[in-house]
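# Structural characterization, general
Chain residues, written in single-letter form:
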Amino acid sequence: NAGVTQTPKFQVLKTGQSMTLQCAQDMNHEYMSWYRQDPGMGLRLIHYSVGAGITDQGEVPNGYNVSRSTTEDFPLRLLSAAPSQTSVYFCASSYSIGSPYNEQFFGPGTRLTVL
Amino acid sequence: KNQVEQSPQSLIILEGKNCTLQCNYTVSPFSNLRWYKQDTGRGPVSLTIMTFSENTKSNGRYTATLDADTKQSSLHITASQLSDSASYICVVTPRDYGGSQGNLIFGKGTKLSVKP
């Protein structure tokens, strides 16, 4: 099992550009989520999905879109990049959020810089 | 507002020494409390998960305790090693009164440095 994979590892964008951060998991997990991590702050939830075809907004969804066409993939789209979106982005997955013992697995992260 | 506060923000200890990290939360009711270890440049990795009815959970040299009455948790690291240098994050999952779980609430983490 590769676990949770993310690409790219690093990305530099100019303001106004768009891009897609890729996330895939091979554990047949229902629940997938995207977080951003900024210095001095805890991880903040951007969007999440409880299964293929179902997505919902988290704490900081503005400027981001997601879709979930398959169980395995959960891409995050930046529509028009802004310097405030400079951050480290983590994708995570778990069987569900229903069981109290569900372990959430995180990907290695994508470090994004917007100039 | 549901919050998770961790202390200290950072900590430096010598290799072989023990240390204890603190987590206070206002999330109520909650389903479970987790501790994660995050190495620099990597994603968080789960250390322990405790439900609201559990008091302690161990994972090797890591022991987490939970006092649901005072809404406090601690992570004790025994006989620290250089590889313990990392950020340690406390995470609480809220539970609504219907029993459904909400999304995780993360603390800002404690950065631990273990020196030789």
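Relevant structure appears above.
Residues numbered from 1 in each chain as written. Chains lettered and ligands numbered in written order. Predicted model: local features only at pLDDT ≥ 70, side-chain atom pairs only at ≥ 80, totals over all residues. Heavy atoms only, no water.

We now examine the overall build of chain B. The secondary structure content of chain B amounts to zero helices and 11 strands. Reading chain B from its N terminus to its C terminus gives the helix and strand order β-β-β-β-β-β-β-β-β-β-β. Taking 116 residues into account, the globule formula puts the C-alpha radius of gyration at 13 Å, and chain B, at 14 Å, falls close to it. With the C-alpha coordinates of chain B rotated into their principal frame, the extents come out at 50 × 25 × 20 Å. Taking all 116 residues of chain B together, 47% fall into the buried category. About 5600 Å² of surface is accessible on chain B, with carbon and sulfur atoms providing 47% of the total. For chain B, the separation between the mean place of its 12 positive charges and that of its 8 negative charges on side chains is 6 Å. (Helix = DSSP H or I, 4+ residues; strand = E, 2+ residues; numbered from the N terminus. Rg over C-alpha atoms; globule rule 2.2 N^0.38 Å. Buried < 20%, exposed > 50% of the residue type's maximum accessible area, 1.4 Å probe, protein only. Areas by Shrake-Rupley, 256 points an atom, 1.4 Å probe, with all protein chains shown as cover. Lys, Arg positive; Asp, Glu negative; His and termini not counted. Charge placed at Lys NZ, Arg CZ, Asp CG, Glu CD.)

For the structure shown, the criterion picks out two disulfides over all chains. Just so you know, Cys19 of chain B is unpaired, no disulfide at all, and the nearest cysteine sulfur is the one on Cys90 of chain B, 15 Å from it. (Disulfide = S-S within 2.5 Å.)

This part is about the sheet that holds strand E7 (residues 62-67) of chain B. Note: strands within a sheet are paired through backbone hydrogen bonds, in either parallel or antiparallel orientation. Residue and element names in this part refer to chain B. Pairing is antiparallel across the open sheet formed by five strands, whose spatial order is E1-E3-E8-E7-E6. If you trace the sheet from one side to the other, it starts and ends with strand E1 (4-7) and strand E6 (56-59), each paired once. The sheet shows a mean angle of 15 degrees between the axes of neighbouring strands, taken without regard to direction. Pairing of E1 with strand E3 (residues 19-25) involves four bridges; the strand directions are antiparallel. Looking at E3, one finds that Gln6 is bridged to Cys23. (Pairing = 2+ DSSP bridges. Axes fitted to C-alpha atoms, helices over the stretch in contact; angles between N-to-C directions.)

Before going further, it helps to spend a moment on the packing of aromatic side chains. According to the stated counting rule, one finds eight aromatic pairs over all chains in the structure shown. Plain terms: the ring middles of Tyr35 of chain A and Phe106 of chain B are 5.1 Å apart, the flat faces sit at 75 degrees to each other, and that makes the pair edge-to-face. Placement of Tyr35 of chain A in strand E4 (residues 31-37) and of Phe106 of chain B in strand E10 (residues 105-106) is noted, with the two residues assigned to different chains. A relative accessible area of 9% means that Phe106 of chain B is categorised as buried. Through a chain of ring-to-ring contacts, the aromatic side chains of Tyr35 and Phe106 of chain A together with Tyr36 and Phe106 of chain B assemble into a single cluster. The side chain of Arg61 of chain B reaches across the aromatic face of Tyr62 of chain B, ending 5.7 Å from its centre. (Phe/Tyr/Trp six-rings, centres within 6.5 Å; stacked < 30°, edge-to-face > 60°. Lys NZ or Arg CZ within 6 Å of the ring centre and 35° of its normal.)

This part takes up the environment of Leu21 of chain A. Residues and elements named next belong to chain A. Mapped onto the secondary structure, Leu21 falls in strand E3 (residues 19-25). For the pair Leu21 and Gly107, spaced 86 residues apart in sequence, the C-alpha to C-alpha distance is 12 Å. Beyond its immediate stretch of four places on either side in the chain, Leu21 contacts Thr7, Trp34, Pro75, Leu76, Leu78, Tyr89 and Thr110. (Contact = heavy atoms within 4.5 Å.)

All names here are of chain A. Within the open sheet, the four strands sit side by side as E1-E3-E8-E7. Their pairing is antiparallel. Two strands in the sheet have a free side with no partner beyond their single neighbour: strand E1 (4-7) and strand E7 (64-66). Across the sheet, the axes of successive neighbouring strands diverge by a mean angle of 20 degrees, strand direction being ignored.

For the rest of this paragraph, the subject is the pattern of salt bridges. As enumerated under the stated definition, the model contains five salt bridges over all chains in all. Among the salt bridges present, the one from Asp38 of chain A reaches Arg44 of chain A, with a minimum N-O distance of 2.7 Å. Each member of the pair, Asp38 of chain A as well as Arg44 of chain A, is classed as buried. Note that Lys57 of chain B and Glu54 of chain B form a salt bridge whose closest N and O atoms lie 3.6 Å from each other. On the basis of relative accessible area, Lys57 of chain B is assigned to the partly exposed category, the value being 25%. Because the salt bridges share partners, they merge into one network encompassing Arg36, Asp38 and Arg44 of chain A. (Salt bridge = Lys/Arg side-chain N within 4 Å of Asp/Glu carboxyl O.)

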